[in-house]
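# Structural features, examined
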Amino acid sequence: MIIGLIILLLKIAAVLVFISLTVLFLVYAERKVSAHFQVRYGPMRVGWHGGLQMIADTIKLLLKEDITPKDVDKLVFFIAPILCFVSAYLAYLTLPFSPQIVVKNLNIGLLYILGVTSLTVLSLMMAGWASNNKYALLGGFRSVAQIISYEIPLVLSVLPVVMMAGSLNLITIVEAQKSLPFILVQPLGFLLYLTAAAAEANRAPFDIPEAEQELVAGYNVEYSGIKFSMFFLAEYVNMFTICALAAILFLGGWQGPILPPVIWFLIKVYLLVFVLMWVRWTFPRLRIDQLMSFCWKILLPLALANFLISGLWLVLK
Amino acid sequence: MIFYFLAVTLILSAILVVTLKNIFHCALFLIVAILAIAGLYFHLQAPFLGVVQLIIYIGAIMVLILFAIMLTSRISDRLLQTASRQSIPALLAVIVFILLALKSLDKTPLPAHIGKNFDPILDLGRALMTAYVLPFEVVSLLLLVALVGAIALARKD
C-alpha cells in the first residue's frame, strides 16, 4: 500500500520534471524556429547558440514581483493559473510514451484526455473575469468561444480512429496501427485534427484570444511573475499534448524500426511540434468572424463527412 | 476516507452555491460540486461515468452558465436574494425527492454485481443502439428542437 503510494508519487513527480524540461526546450525551439523563419539568429549570447537563455529567462520570470491588482477577485485570480496548469498536467497521467512508460493506462484514455483538457476553458474564463479588466474579459470570451467551437470538429475527427481501433485505450489504439499508421487511411481526419487542435491550444493562426495588437495579451494581461508563468507553461504543455495525441492516434505512437520506442515517439511528436511552429510563423492570424465561420462552415461539415464515410466503410468492409 | 472527503466537499460547495451572494462565485462552487461528483464516480470504479460527467457538465453546461453570467451586463453589481419565502413548495419538493430516492434505493440490489467482461463503453453503446434506441432518439430529437427553438427565439429579424 505505502510502497504503491510512493511509486505513484514518484511517477507524478517524474511527469512534472519531464513537463518542465519539455517546456524549456519547446520555448527555446520556438524562439529559434521563429527567428530562422524571419532570417534572424534568435538567442545567441547565453551559452552555445543561446542554449542557456531559457534557464536565465526562467529564473527571471520566477523572481519577478508577483503583482495582484487592487480590484481583482483575489481568490479566483489566484486559482485560475493553478487550474490552468493542473488541467494541462492531468492529461499526462494517461499518455503512453512507450508500452511501459505510462503512469496509468486507462481504458477510456482518449475520453479522459478530452475531459480534463476541457477544464482549461474554465481557468481562462476565471482569469478573464477575475482580472476586472475589459481586455482580459474579452480575451476570456474569445478563447472560450473558440475552444468550445473547435472541440466539435476535434472530437469528430478522432472518432474514426476510435472506430477502427475499436477502443478508447491509447495503448490499444497504437497497437492497432502495427501494419499501417492511421494517417494513411485517415489523411483528412489527421488534417482536421491538427487544425482543430491548433485552435484548441490557441496557436497562431488561431491565437485570437491573445491577439497582442488588439487585446494587449488577452485573458492573462493582469498576470505577472509566477502566475503568468503558469499560464505560459500550460500553453506549451498543451502544445506537446496535442502533438503527442496526434502521434498516438495517427502516426502509430512509439512504433518504428531499430530505435527504442520512446525515441520514436519523441521524434514523431517533435516533428508535429515543428509543423505547428512552421504554421504559426508562416500564416497571418484569422479574424474572429473568419475563425468561427471556418470552424462551422468548413471544418465541421468535412469532419462529419469523414466520420460518415469511415463508418460506412467499416460497416461494409 | 477519500469518499468522506469528497462527500463533505460536495455538500459544503452545494450549500455555498445557494448561499453566496455573488452569482459568479455561486457558479464556481457549482463546478466544485460537479468535480466532487466526478471524483465520487472515479472512486466508485466508474471512470467512464466520471469522465462523461466532466465533459458534459463542466465542458458544456457550466461553460454555458458562466457565459450567460459574464454576458449579462452589470450582473455582479446586483446582490442575489438568497432567502425565499416559498418554503412549502420547497418542503414538498424535498419530500418527493427523498421518497423517490428511498424507493429507487430499495429497488436496487446492493452491492450490485456486474459481469466479468463488462465493458462500459461497448455495453452502453450496444444498449443505446438496441434496447433503448427509441428513448435515445427521442432525447436527441428533443435536444434538436431545443436548439432550433433557441435560435428562433434569439433571431432579431
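That block above? That's the structure.
For the structure given in this document, a descriptive report is provided here. (Residues numbered from 1 in each chain as written. Chains lettered and ligands numbered in written order. Predicted model: local features only at pLDDT ≥ 70, side-chain atom pairs only at ≥ 80, totals over all residues. Heavy atoms only, no water.)

So, about the overall build of chain A. A tally of regular secondary structure across chain A gives 13 helices and zero strands. A compact globule built from 317 residues should have a C-alpha radius of gyration of about 20 Å, and chain A, at 20 Å, falls within 12% of that. When the backbone C-alpha atoms are referred to their principal axes, chain A occupies close to 65 × 50 × 50 Å. Per-residue burial for chain A yields a buried fraction of 52% across its 317 residues. Within chain A, contacts between residues separated by at least 24 positions form 77% of all contacts whose residues are at least 6 apart in sequence. Accessible surface, chain A: about 14800 Å² in total, of which carbon and sulfur atoms supply 73%. (Helix = DSSP H or I, 4+ residues; strand = E, 2+ residues; numbered from the N terminus. Rg over C-alpha atoms; globule rule 2.2 N^0.38 Å. Buried < 20%, exposed > 50% of the residue type's maximum accessible area, 1.4 Å probe, protein only. Contact = heavy atoms within 4.5 Å. Areas by Shrake-Rupley, 256 points an atom, 1.4 Å probe, with all protein chains shown as cover.)

Another point: the overall build of chain B. When its secondary structure is counted, chain B shows six helices and zero strands. Along its sequence from the N terminus, chain B presents helices and strands in the succession α-α-α-α-α-α. When burial is assessed residue by residue, chain B has 18% of its 157 residues classed as buried. Taking the intrachain contacts of chain B between residues at least 6 apart in sequence as the baseline, contacts between residues at least 24 apart amount to 56%. Carbon together with sulfur atoms contributes 74% to the accessible area of chain B, which is approximately 12100 Å² in total.

So, on to the packing of aromatic side chains. What characterises a pair of aromatic rings is the spacing of the ring centres plus the angle enclosed by the ring planes. Residues and elements named next belong to chain A. Across all of its chains, the model carries 16 aromatic pairs over all chains by this definition. When the centroid spacing of 5.2 Å and the interplanar angle of 70 degrees are considered together, the rings of F97 and F265 count as edge-to-face. In this pair, F97 sits in the loop between α3 (74–90) and α4 (109–117) while F265 sits in helix α12 (residues 261–280), placing the two residues 168 residues apart along the sequence. Assessed through its relative accessible area of 11%, F97 is described here as buried. One aromatic cluster is present, built from ring pairs that chain together F18, F25, Y92, F97, F240, F265 and Y270. (Phe/Tyr/Trp six-rings, centres within 6.5 Å; stacked < 30°, edge-to-face > 60°.)

Right, let's talk about the nonpolar core for a bit. Judged by nonpolar contacts, the single largest core of 115 residues is most densely connected at L95(A), L170(A), Y193(A) and L249(A). Counting residues per element, this core draws most heavily on helix α11 (residues 225–250) of chain A, at 15 residues. Leaving out residues up to four positions away in the same chain, Y193(A) has contacts with L154(A), S157(A), V158(A), I242(A), L245(A), A246(A) and F250(A). Counting five residues, the second largest nonpolar core, distinct from the first, contains L6(B), L10(B), A33(B) and L40(B). (Core = buried A, V, L, I, M, F, W, Y, C linked by side-chain atoms within 4.5 Å.)

Residues and elements named next belong to chain A. Evaluation of the coordinates by the stated rule reveals two salt bridges over all chains. The partner of E30 in a salt bridge is R280, with the nearest N and O atoms 3.1 Å apart. Of this pair, E30 sits in helix α1 (residues 2–37) while R280 sits in helix α12, and the two are 250 residues apart along the sequence. For R280, a relative accessible area of 22% gives the class partly exposed. Across the pair D57 and R31 runs a salt bridge, and its minimum N-O distance is 2.9 Å. In this pair, D57 is assigned in helix α2 (residues 53–63) and R31 in helix α1, connecting sequence segments 26 residues apart. The partly exposed category is assigned to D57, whose relative accessible area is 24%. (Salt bridge = Lys/Arg side-chain N within 4 Å of Asp/Glu carboxyl O.)

A separate point is empty space enclosed by the protein. Residues and elements named next belong to chain A. Enumeration according to the criterion identifies one cavity of 30 Å³ or more in this entry. Taken together, 21 residues form the lining of the largest cavity, with T117, E200, A201, N238 and I242 sitting closest to its centre. Considering every element that reaches the lining of the largest cavity, the biggest residue donor is α11, with seven residues. Considered class by class, the residues forming the lining of the largest cavity number 14 nonpolar, five polar and two charged. (1 Å grid on protein atoms, 1.4 Å probe; cavity = no way out; pocket = protein on both sides within 12 Å on 5 of 7 lines; lining within 4 Å. Points joined across faces, edges and corners; volume = space filled by probe spheres on them. Nonpolar A, V, L, I, M, F, W, Y, C, P; charged D, E, K, R; others polar.)

By a widespread convention, an interface's size corresponds to the accessible area lost as its parts come together. On the side of chain B, 20 residues touch chain A, which itself brings 20 residues to the contact. Surface buried jointly by chain A and chain B totals about 1900 Å² across both partners, of which 88% is contributed by carbon and sulfur atoms. Applying the counting rule to chain A against chain B returns zero salt bridges. Residue assignment for the side of chain A that touches chain B shows that the elements contributing at least two residues are α4, α5 (119–130) and α6 (134–165) of chain A. Looking at the side of chain A that touches chain B element by element, the count peaks at six residues for α5(A). (Buried area = accessible area lost by both parts, 1.4 Å probe.)

Here we take up the environment of P69(A). All names here are of chain A. The residue P69 is located in the loop between α2 and α3 in this model. Put simply, P69 and G109 are 40 residues apart on the chain and 40 Å apart in space, counted from C-alpha to C-alpha. What P69 contacts, discounting residues up to four positions off in sequence, is F77 and E222.

Attention now moves to the packing of α4(A) against helix α3 (residues 47–71) of chain B. Close contact between α4(A) and α3(B) brings their axes to 8 Å; oriented N to C, the two are set at 35 degrees. Pair α4(A) / α3(B) crosses with left-handed handedness. When α4(A) is examined against α3(B), the residues L111(A), Y112(A), G115(A) and V116(A) are found in contact with a partner set consisting of F48(B), V51(B), L54(B) and I55(B). Among the residues making up the contact of α4(A) with α3(B), the classes are represented as seven nonpolar, one polar and no charged. (Axes fitted to C-alpha atoms, helices over the stretch in contact; angles between N-to-C directions. Left-handed = near helix turned anticlockwise from the far one by under 90°.)

A few words now on the layout of surface pockets. If a probe the size of a water molecule is rolled over the atoms, the empty space left behind becomes visible. Looking at the largest pocket, its volume works out to about 2500 Å³. Forming the boundary of the largest pocket are 47 residues, of which V155(A), I55(B), I56(B), A60(B) and L143(B) lie nearest the centre. If you list the elements that add at least two residues to the lining of the largest pocket, you get α4, α6 and α13 (288–316) of chain A together with α3, α5 (120–129) and α6 (133–154) of chain B. In the lining of the largest pocket, the residues fall into 38 nonpolar, seven polar and two charged. Here the lining of the largest pocket gathers at least three residues from each of two domains, domain 1 (2–108) and domain 2 (112–157) of chain B. The volume enclosed by the second largest pocket comes to roughly 1200 Å³. Lining the second largest pocket are 26 residues; nearest its centre among them are L90(A), L93(A), Y112(A), G39(B) and F42(B). (Domains from an automatic or database assignment.)

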